[in-house]
Amino acid sequence: MSELSPDKMRELSPELREVIDRQKIYDVLTRYCRTLDRCDVELMKTVYWEDGFDDHGVFEGNAQEFAEFIVREIQQWFEVTMHSISNVHMELDGDVAHTESYLIAYHRVKGDAGKLADVFGSTYLRRFADGDRIPHDFVFGGRYVDRLEKRAGVWRIARRTVVMDWNLNQPTSSIRDEGMFAVLKTYGTRDRSDPVYAR
């Protein structure tokens, strides 16, 4: 969506300004999901204000530092991730917005005993014979609870808290080379070689 100057925004009706603001906020929220799954640190930094704060559980602090931290962690621990938001509720108050975005995130944890134990714990691993040599999937259900601020006409996240509601964990059953999956040759990548960047 192209940027309208603050003067042009003021010329619009309050209702139309709100529609535009809501769309720009939604763009920020979905852009964040792309940054995680494509491991794009620089793009993630455009989602947060420089003085933004993120509480992700595994990290609590400056959001720009979080961007560096979380991309490194994703590359180290997971083979694949996919973050998806739905049911985005927004409450706007001038240049501040409070949002609650339902989140479902898929992760395939690398088949390494140390990594699996750190992610899931030893009790989980004891349930599966030879479970420490194959990747495991975990699906996380939760919410992003955000405060966004509009500064000079631009919306970004000022504060984010991740809330966990549920999770599901199991050895992976992913198939890539048999059945109908054998003909699907275009795979996502976790960098700018992903098809989404080719325009």
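One can find the structure itself at the top, above this paragraph.
Since we're looking at a predicted model, the values are computed, not measured.

Novice: Describe unusual backbone geometry, listing the residues and the values that go with them.
Specialist: Positive phi outside glycine occurs at Cys 39, with the angle close to 55°. Within the element layout of this structure, Cys 39 appears in the loop between helix 2 (14-37) and helix 3 (41-45). Phi is positive for Ala 152, which is not a glycine, with a value near 50°. Position of Ala 152 among the secondary structure elements: in the loop between strand 5 (136-151) and strand 6 (154-171).

Novice: Which residues make up the pattern of salt bridges, and what are the values?
Specialist: What the rule picks out here adds up to 15 salt bridges. One salt bridge connects Asp 165 with Arg 143, and the closest N-O pair in it is separated by 2.8 Å. Placement of the pair is Asp 165 in strand 6 and Arg 143 in strand 5, with a sequence separation of 22 residues. A cluster of three or more residues bridged by salt bridges with shared partners is formed by Asp 51, Arg 147, Glu 149 and Arg 151.

Novice: Account for helix 5 (residues 113-120), naming residues and giving values.
Specialist: Those residues of helix 5 not exposed but buried are Lys 115, Leu 116 and Phe 120. One side of helix 5 holds all its buried residues, which, seen down the axis, span an arc of 105°. Structurally, helix 5 contributes buried residues whose contacts are with helix 4 (63-77), strand 4 (96-109), helix 6 (122-126), strand 5 and strand 6. Backbone geometry just downstream of helix 5 places Gly 121 in the positive-phi region, at approximately 95°.

Novice: Got a sec to walk through the sheet that holds strand 6? Specific residues and values, please.
Specialist: The strand order 2-1-6-5-4-3 describes an open sheet built from 6 strands, whose pairing is mixed. In the strand order of this sheet, the two ends are held by strand 2 (60-62) and strand 3 (78-93), each with one partner. Taken over all neighbouring pairs, the strand axes of this sheet differ in orientation by 15° on average, direction set aside. Note that strand 1 (residues 48-55) and strand 6 share 4 bridges and pair parallel. From the neighbouring strand, Phe 53 faces strand 6, where its bridge partner is Arg 159. This element, helix 2, spans strand 1, strand 3, strand 4, strand 5 and strand 6 of the sheet and lies at about 165° to strand 3. Relative to the sheet, helix 5 contacts strand 4, strand 5 and strand 6, its axis offset from that of strand 5 by approximately 60°.

Novice: Give a detailed account of the pairing of strand 6, specifying residues and quantitative values.
Specialist: Bridge count between strand 5 and strand 6: 16 bridges; the pairing is antiparallel. The residue of strand 6 that forms the bridge with Arg 143 is Val 163. Between strand 5 and strand 6, which follow one another and run antiparallel, lie 2 residues, and Ala 152 among them has a positive phi close to 50°.

Novice: Give me the lowdown on the state of the cysteines, citing residues and values where you can.
Specialist: Evaluation of the coordinates by the stated rule reveals 0 disulfides. Free of any disulfide, Cys 33 has its nearest neighbouring cysteine sulfur in Cys 39, separated by 13 Å. The exposure class assigned to Cys 33 is buried, which follows from its relative accessible area of 7%.

Novice: I'd like a description of the environment of Glu 68, backed by residues and values.
Specialist: Mapped onto the elements, Glu 68 comes out in helix 4. Separated by 24 residues in sequence, Glu 68 and Met 44 have C-alpha atoms that sit 8.8 Å apart. Here Glu 68 is in contact with Val 41 and Lys 45, once residues within four sequence places are set aside. A distance of 2.6 Å separates a polar atom in the side chain of Glu 68 from a polar atom in the side chain of Lys 45.

Criteria and cut-off values
- Residues numbered from 1 in each chain as written.
- Predicted model: local features only at pLDDT ≥ 70, side-chain atom pairs only at ≥ 80, totals over all residues.
- Heavy atoms only, no water.
- Helix = DSSP H or I, 4+ residues; strand = E, 2+ residues; numbered from the N terminus.
- Salt bridge = Lys/Arg side-chain N within 4 Å of Asp/Glu carboxyl O.
- Buried < 20%, exposed > 50% of the residue type's maximum accessible area, 1.4 Å probe, protein only.
- Arc of directions from axis to C-beta.
- Contact = heavy atoms within 4.5 Å.
- Pairing = 2+ DSSP bridges.
- Axes fitted to C-alpha atoms, helices over the stretch in contact; angles between N-to-C directions.
- Disulfide = S-S within 2.5 Å.
- Polar contact = N/O pair within 3.5 Å; in protein donor to acceptor, adjacent residues only side chain to side chain.

Nothing here speaks to function; it is geometry throughout.
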